[in-house]
Amino acid sequence: MLPTSRPTALVMLLSAAASGVSAFQPIAIMRQRSRVSSSVLRKRDTLLNSATVDPNVVTSKEYSDICGIDFSKDEMEKRLERTSYLYPKHVEVIEDLAPIADQMVDKILLETGDNSWQPQDFLPDLTQDDWLEQTKDFREQAANVPDDLLVVLIGDMVTEEALPTYQTLLNTFEGCDDPTGTTDTAWARWSRGWTSEENRHGDLLNKYLYLGGRCDMRSIEVTIQHLITSGFNPGAEKDPYRGFVYTSFQERATKISHGNVGQLAKKSGDKNLQRICAKIAGDEGRHEKAYQTFVTEIIKRDPDGLIHVFGDMMRGQIVMPAELMTDGQDKDLYDNFSAVAQRLGVYTALDYADIIKHLVDHWDLENLTGLTSEAEKERDYLCKLPERYRKLAERSLNRKKKVTEDEIPTRSFNWIYGRAV
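Right, let's walk through the structure included here.

Basis of the calculations
Residues numbered from 1 in each chain as written. Predicted model: local features only at pLDDT ≥ 70, side-chain atom pairs only at ≥ 80, totals over all residues. Heavy atoms only, no water. Helix = DSSP H or I, 4+ residues; strand = E, 2+ residues; numbered from the N terminus. Buried < 20%, exposed > 50% of the residue type's maximum accessible area, 1.4 Å probe, protein only. Contact = heavy atoms within 4.5 Å. Areas by Shrake-Rupley, 256 points an atom, 1.4 Å probe, with all protein chains shown as cover. Lys, Arg positive; Asp, Glu negative; His and termini not counted. Salt bridge = Lys/Arg side-chain N within 4 Å of Asp/Glu carboxyl O. Polar contact = N/O pair within 3.5 Å; in protein donor to acceptor, adjacent residues only side chain to side chain. Expected span 1.5 Å × (residues − 1). Phe/Tyr/Trp six-rings, centres within 6.5 Å; stacked < 30°, edge-to-face > 60°. Lys NZ or Arg CZ within 6 Å of the ring centre and 35° of its normal. Core = buried A, V, L, I, M, F, W, Y, C linked by side-chain atoms within 4.5 Å. Patch = residues over 30% accessible without salt bridge, like charges linked within 9 Å, V, L, I, M, F, W, Y side chains within 5 Å. Charge placed at Lys NZ, Arg CZ, Asp CG, Glu CD. Axes fitted to C-alpha atoms, helices over the stretch in contact; angles between N-to-C directions. Parallel < 35°, antiparallel > 145°, perpendicular 65-115°, else oblique. Left-handed = near helix turned anticlockwise from the far one by under 90°. Nonpolar A, V, L, I, M, F, W, Y, C, P; charged D, E, K, R; others polar.

**Brief notes about the overall build of the chain**
Logical step 1: The secondary structure content of the chain amounts to 17 helices and two strands.
Logical step 2: Relative to its 421 residues, the chain shows a buried fraction of 45%.
Logical step 3: Contacts in the chain between residues far apart in sequence, at least 24 positions, make up 80% of those at least 6 positions apart.
Logical step 4: When the accessible surface of the chain is totalled, it reaches about 22300 Å², and 50% of it is carbon and sulfur.

**Structural notes on the side chain of Asp-351**
Logical step 1: Position of Asp-351 among the secondary structure elements: in helix α16 (residues 349–362).
Logical step 2: Buried Asp-351, no salt bridge; nearest opposite-charge side chain is Arg-390, N-O distance 7.0 Å.
Logical step 3: Separated by 2.9 Å, the side chain of Asp-351 and the backbone nitrogen of Thr-348 make a polar contact.
Logical step 4: When near neighbours in sequence (up to four residues on either side) are disregarded, Asp-351 contacts Ile-256 and Val-346.

**Some thoughts on α16**
Turn by turn, an α-helix covers 3.6 residues, leaving residues three or four places apart pointing in a common direction.
Logical step 1: When the terminal C-alpha atoms of α16 are compared, their 20 Å separation across 14 residues agrees well with the 20 Å that a helix rising 1.5 Å per residue should span.
Logical step 2: Turning to α16, its buried residues are Asp-351, Tyr-352, Ala-353, Ile-355, Ile-356, Leu-359 and Val-360.
Logical step 3: Following α16 by one or two positions, Asp-364 has its phi on the positive side, about 50 degrees.

**As for the packing of aromatic side chains**
Logical step 1: The tally for this structure, following the rule as stated, stands at 17 aromatic pairs.
Logical step 2: Between Trp-117 and Phe-122, the aromatic rings sit 5.5 Å apart at their centres with planes inclined by 90 degrees, giving edge-to-face as the arrangement. Neither Trp-117 nor Phe-122 differs from the other in exposure class; each is buried.
Logical step 3: Plain terms: the ring middles of Phe-138 and Tyr-208 are 5.5 Å apart, the flat faces sit at 65 degrees to each other, and that makes the pair edge-to-face. In this pair, Phe-138 sits in helix α7 (residues 131–142) while Tyr-208 sits in helix α10 (residues 186–212), placing the two residues 70 residues apart along the sequence.
Logical step 4: Judged by its relative accessible area of 4%, Phe-138 is buried.
Logical step 5: Cluster of aromatic residues (ring-pair linked, three or more members): Phe-173, Trp-187, Trp-190, Phe-244, Tyr-291 and Phe-294.
Logical step 6: Directly above the aromatic system of Tyr-381 lies the positively charged group of Arg-315, at a separation of 4.0 Å from the ring centroid.

**Thoughts on the nonpolar core**
Logical step 1: In terms of nonpolar packing, the biggest core is built from 100 residues, with Trp-190, Phe-244, Phe-310 and Trp-415 touching the most fellow members.
Logical step 2: Sort the elements by how many residues they give to this core and helix α13 (residues 271–301) lands first, with ten residues.
Logical step 3: In this view, Phe-244 contacts Ile-94, Phe-173, Cys-176, Trp-187, Tyr-291, Phe-294, Val-295 and Ile-298; residues no more than four positions away in its chain are not counted.

**Structural notes on the pattern of salt bridges**
Logical step 1: A full pass over the atoms with the stated rule returns 21 salt bridges.
Logical step 2: Notably, a salt bridge pairs Arg-189 with Asp-184, separated by 2.6 Å at the nearest N-O pair.
Logical step 3: The class of Arg-189 is partly exposed, set by a relative accessible area of 26%.

**A look at the side chain of Glu-198**
Logical step 1: Within the secondary structure, Glu-198 sits in helix α10.
Logical step 2: Although Glu-198 is buried, it makes no salt bridge; Arg-286 carries the closest opposite charge, 7.8 Å away.
Logical step 3: Ignoring anything within four residues of it in the chain, the contact list for Glu-198 reads Glu-160, Leu-163, Glu-251, Glu-284 and His-287.

**Details of a nonpolar patch on the surface**
Logical step 1: On the surface, Leu-126, Trp-131 and Leu-132 cluster together to form a nonpolar patch covering roughly 320 Å² of accessible area.
Logical step 2: Relative to the elements of secondary structure, Leu-126 occurs in the loop between α6 (98–107) and α7.
Logical step 3: Leu-126 gets classed as exposed once you look at its relative accessible area, which sits at 52%.

**Quick look at a positive patch on the surface**
Logical step 1: On the surface, Lys-391, Arg-395, Arg-399 and Lys-400 cluster together into a patch of positive charge.
Logical step 2: Checked against the element boundaries, Arg-395 lands in helix α17 (residues 373–403).

**Some words on the environment of Met-320**
Logical step 1: Examined against the element boundaries, Met-320 turns out to sit in the loop between α14 (303–315) and α15 (333–344).
Logical step 2: Taking C-alpha positions, Met-320 is 7.8 Å from Gln-250, a pair spaced 70 residues apart along the chain.
Logical step 3: Apart from residues lying up to four places away in sequence, Met-320 is in contact with Phe-232, Tyr-246, Phe-249, Gln-250, Tyr-334 and Tyr-347.

**Remarks on the environment of Lys-391**
Logical step 1: Following the sequence through the fold, Lys-391 ends up in helix α17.
Logical step 2: Expressed as a C-alpha distance, the spacing of Lys-391 and Ala-353, which sit 38 residues apart in the sequence, is 9.0 Å.

**Focus on α14**
Logical step 1: With 13 residues, α14 should reach 18 Å at 1.5 Å per residue; the first-to-last C-alpha distance of 18 Å fits that figure.
Logical step 2: Extensive coverage of α14 is indicated by the burial of ten of its 13 residues.
Logical step 3: Within α14, the full set of buried residues consists of Pro-303, Asp-304, Gly-305, Leu-306, Ile-307, Val-309, Phe-310, Gly-311, Met-313 and Met-314.

**Regarding the packing of helix α12 (residues 240–268) against α16**
Logical step 1: At a minimum axis separation of 10 Å, α12 and α16 run at an interaxial angle of 130 degrees. Classified by the interaxial angle, the pair formed by α12 and α16 is oblique. Judged by the twist between their axes, the crossing of α12 over α16 is right-handed. Only Asp-351, Tyr-352, Ile-355, Ile-356, His-358 and Leu-359 of α16 make contact with α12, whose side of the interface consists of Ser-248, Phe-249, Arg-252, Ala-253 and Ile-256.
Logical step 2: Split by residue class, the contact of α12 with α16 holds seven nonpolar, two polar and two charged.

**Side note on the packing of helix α8 (residues 147–161) against α12**
Logical step 1: Two elements in contact, α8 and α12, have axes separated by 11 Å at closest approach and are oriented at 145 degrees. Both α8 and α12 take part in a crossing whose hand is left-handed. Where α8 approaches α12, its residues Leu-149, Val-152, Leu-153, Asp-156 and Glu-160 are matched on the opposing element by Thr-254, Ser-257, His-258, Val-261, Leu-264, Ala-265 and Ser-268.
Logical step 2: For the contact of α8 with α12, the class distribution of residues is six nonpolar, four polar and two charged.

Below you can see the structure in the form of structure tokens.
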């Protein structure tokens, strides 16, 4: 018979703990050192505060009466929601943007399943009778890609493969998180949908490199594992404003990089890689549009707050997502990869300056009115920043050009079996 009252249930709970037959598995017991043996104390001290109810011993209501917690699914989801924030005003604005996020899910993200593009659409089909001919043609075109471009492509692929880190980042933005993993809010749906689309990029580039047969795939896989293990901190500090300024910048940077690799692949004679990079760049462009729209809507609701965040971030530097990459041997791998990318014009300091200008223009900061005096100063700083960055970038590139006029410094990469580029 089940206990029918709170006192009866409590007696049974304590009795079960003392006898080793638990109604709750596991549960912490209040200390009564004068009544129990030291062995029972040690066993009890290892138990947790959360509990799973055995319905044969205690009912759900009795559990709630005793512990003050309703363990039903709906109640647990409510308890997982945050109740306090570091940025309560920012969260209020983000919650007001939920309908906009819903629109982005419907308008920006593609359909899933058969209606969306998949990596296999761009690769040889090994189930077909002519799979060998398809693969041979694929490899012949890939053989035309020079080693320096191959290194940049590998670095871009490694960056894409660290996707788990980026979804973790999204879930730190206050008001935008997905506490249960299946939370049915606009922001949670956006996060999962964005992640599902981005997941295709690393998959496709990885398979391209594998089928091409010119890379040390194990070294590349080691690099990916190191990068995910090392993590990634762009300085968002859980602030959704900072997070969306960062993603607005980074999605555009990634679009530029993939697009330029595709153009160089075309010149090299690899039409397959050109198509692949163009498709990925298209995804990044759609995602960029969404994040920049989020910031546009934030500015309408809290211009002072966004301006201060944007200015503070620009006084530092936008952290690249693969900054901590290593293959376990080359401690300067990211710098070496970046140097090759800059030398080829895939992503340069000028691109960095141009992205800042694009954001300043896109958000029309120059014509932003109704600001406090402090925010106006910050706005003026941001509007002048792109030209300052461009001048610095041009000076830097000119210095590097003079240094390398006689001899281009080369670096060897384990990714391509130690070949130097």
